[in-house]
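# Overview (structure and organization)
What follows is each chain in one-letter form.
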Amino acid sequence: MSKFDETLKIWFSGKIIDWKDANIHVASHVIHYGSGVFEGVRCYNTAKGPAVFRLKEHVQRLFNSAKIYRMKIPFTFEQVFDASLDIIRVNKMKEAYLRPVAFRGYDSLGVHPKDCPIECVIIPMVWGKYLGDEAIHEGVDVRVSSWTRMAPNTFPALAKCGANYMNSQLIKLEADADGYEEGIALDSAGYVSEGSGENIFVIFDGKILTPPLGASVLPGITRDSVIKIARDLGFEVVEKIIPREMLYIAEEVFFTGSAAEVSPIRTIDRIPIGPGRRGPITQKIQRRFFDIIEGKVDDPYGWLTFVYK
Ligand code: PMP
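Cut-off values and rules
Residues numbered from 1 in each chain as written. Predicted model: local features only at pLDDT ≥ 70, side-chain atom pairs only at ≥ 80, totals over all residues. Heavy atoms only, no water. Disulfide = S-S within 2.5 Å. Helix = DSSP H or I, 4+ residues; strand = E, 2+ residues; numbered from the N terminus. Buried < 20%, exposed > 50% of the residue type's maximum accessible area, 1.4 Å probe, protein only. Near = heavy atom within 4 Å. Polar contact = N/O pair within 3.5 Å; in protein donor to acceptor, adjacent residues only side chain to side chain. Areas by Shrake-Rupley, 256 points an atom, 1.4 Å probe, with all protein chains shown as cover. Phe/Tyr/Trp six-rings, centres within 6.5 Å; stacked < 30°, edge-to-face > 60°. Lys NZ or Arg CZ within 6 Å of the ring centre and 35° of its normal. Domains from an automatic or database assignment. Contact = heavy atoms within 4.5 Å. Buried area = accessible area lost by both parts, 1.4 Å probe. Salt bridge = Lys/Arg side-chain N within 4 Å of Asp/Glu carboxyl O.

Looking now at the state of the cysteines. By the definition in use, this model includes zero disulfides. In this structure Cys43 is a free cysteine whose sulfur lies 18 Å from that of Cys120, the closest cysteine sulfur available. Cys161 supplies the cysteine sulfur nearest to Cys120, a cysteine that is in no disulfide, at a spacing of 14 Å.

Right, here's the structure in full:
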C-alpha cells in the first residue's frame, strides 16, 4: 500500500487518466539523468471555496525551469494553468497539493536527449503539513548540513529540476539520520543558502534577512510572498549574504515553502534561536500568510485562483 490516494486521476500530457495507468517506461531519459522539472502547488479550502495559491507564478517557474534546460514543453502556459484547475475539479478536491512535472521521456538514452519527447503531467495529492503539524507552532530542530548547495556554475539553482533534489536528499537524509527535522545548506562560498526544500529567513537586529538569489537558492514563491507580506506589515526586508554564525545569534529564523509554508526554527545545531521557540515576528508573518491563504482576509495581492468561479 502506497501513501498515495490511488483513486485520484492524473493529467498526463493532455489526457485525464486513472492513477494506475499513469506510467512511463524504465528506459525514459528522466529516470537515468533526472531530466525533469517540476512544481509543488497548494490548493487551499478557503472560506470562499477551493483556491490555488499563486498558480500563475508556479506555472511560470515551470516554464522558466524548462527553458533553462532547453526543454520545450509541448503545451502553452494557459493549457498547463487550466489543466491544474481541471484536475482539482475532476477529482472533486477541496484541498490539494499538485505536482506538475515536465520531463524527457522514452526514445533513447544518450545524454543528449535528441528525440526524447517532453511529457507533461499534473499529479494531485493530499499532503498535510510538510514538517509536521506541530512544526508550525512549536518550530523545528535543524542542523547546518555538511553538504553544500550546488555551485552557481554546476546546476542552475533557479531551475526546479529533479536532479537538484539528489543534493536535497543528501541534506535531508543526513539531518534525519542525526535526529534533526531538516538541514540548512550553505552555498559554495560558505554562506547560508537554504533548506533541502525551503528558503530561509533570519531576523537580526529587528530586520528580516534572506539570502539573495545568487546564493544558490530556488526563487521560492512563498519566499516572494513573505517578502511582500513582511514589507506591508512595516518590516525592513533585505536580501543579503548571511554568514553561518549569524544563524546562531539571530532573534528568529524560519523556513518558507509551498510544502513547509512558514515554519519556525527553534534550534540550529542544538543552539536555541532567541528564546528557543517561535518568535513574535515569525508569528505575525505566519498569521498574515495563513489568513490570506485560508481566505480569512481579503487577498490584496490577487494570489488566489478560485477553482470554481
Ligand atoms: N528551496 C527549495 C530547494 C525547494 O525545493 C523549495 C520548494 N519548492 C523552496 C525553496 C521553496 O519554494 P516555494 O516557496 O516556491 O515552494
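All right, on to unusual backbone geometry then. The backbone of Asp205 sits at a positive phi, close to 60 degrees, despite the residue not being glycine. Of note in this structure, Glu261 is not a glycine but carries a positive phi near 55 degrees. Position of Glu261 relative to the elements: it lies in strand β15 (residues 261–268). Relative accessible area serves as the criterion here: at 1%, Glu261 is assigned to the buried category.

Inspection of the region around the ligand gives 16 residues, with Tyr165, Glu194, Ile221, Thr222 and Ser258 positioned closest. The separation between an oxygen atom of the ligand and a polar main-chain atom of Ile221 is 2.7 Å. Between Ser258 and the ligand, the recorded distance is 2.7 Å, taken from a side-chain N or O atom to an oxygen atom. Summarising the interface, the protein chains cover 96% of the accessible area of the ligand, which totals 390 Å² for the free molecule. Those elements that place two or more of their residues in the shell around the ligand are α6 (221–232) and β14 (252–257).

Both the distance between ring centres and the angle between the ring planes are used here to describe each pair of aromatic rings. Summed over all chains, the structure comprises 11 aromatic pairs. Centre to centre, the rings of Phe63 and Phe77 are 6.3 Å apart; their planes meet at 40 degrees, and the pair counts as tilted. Residue Phe63 is found in helix α2 (residues 55–68), and its partner Phe77 is found in helix α3 (residues 77–90); the two are separated by 14 residues along the sequence. Grouped by ring-pair contacts, the aromatic residues Phe53, Phe289, Phe290, Tyr301 and Trp303 constitute a single cluster. Lying over the aromatic face of Tyr180, Arg270 brings its terminal NZ or CZ to 4.4 Å of the ring centre.

The subject of this paragraph is the domain arrangement of the protein chain. Taken as a whole, the protein chain is organised into domain 1 (2–127) and domain 2 (133–293). The straight-line distance from the C-alpha centre of domain 1 to that of domain 2 is 26 Å. Facing the 19 residues of domain 1 at the interface are 22 residues of domain 2. On the domain 1 side of the contact with domain 2, Phe38, Arg61 and Tyr69 bury the most area, a combined 33% of that side's loss. One can count two salt bridges joining domain 1 with domain 2.

Next up on the list: the side chain of Ser216. Within the fold, Ser216 resides in the loop between β12 (207–210) and α6. The buried category is assigned to Ser216, whose relative accessible area is 4%. In this view, Ser216 contacts Arg149, Met150, Ala151, Pro152, Ala157, Asp187, Ser193 and Glu194; residues no more than four positions away in its chain are not counted.

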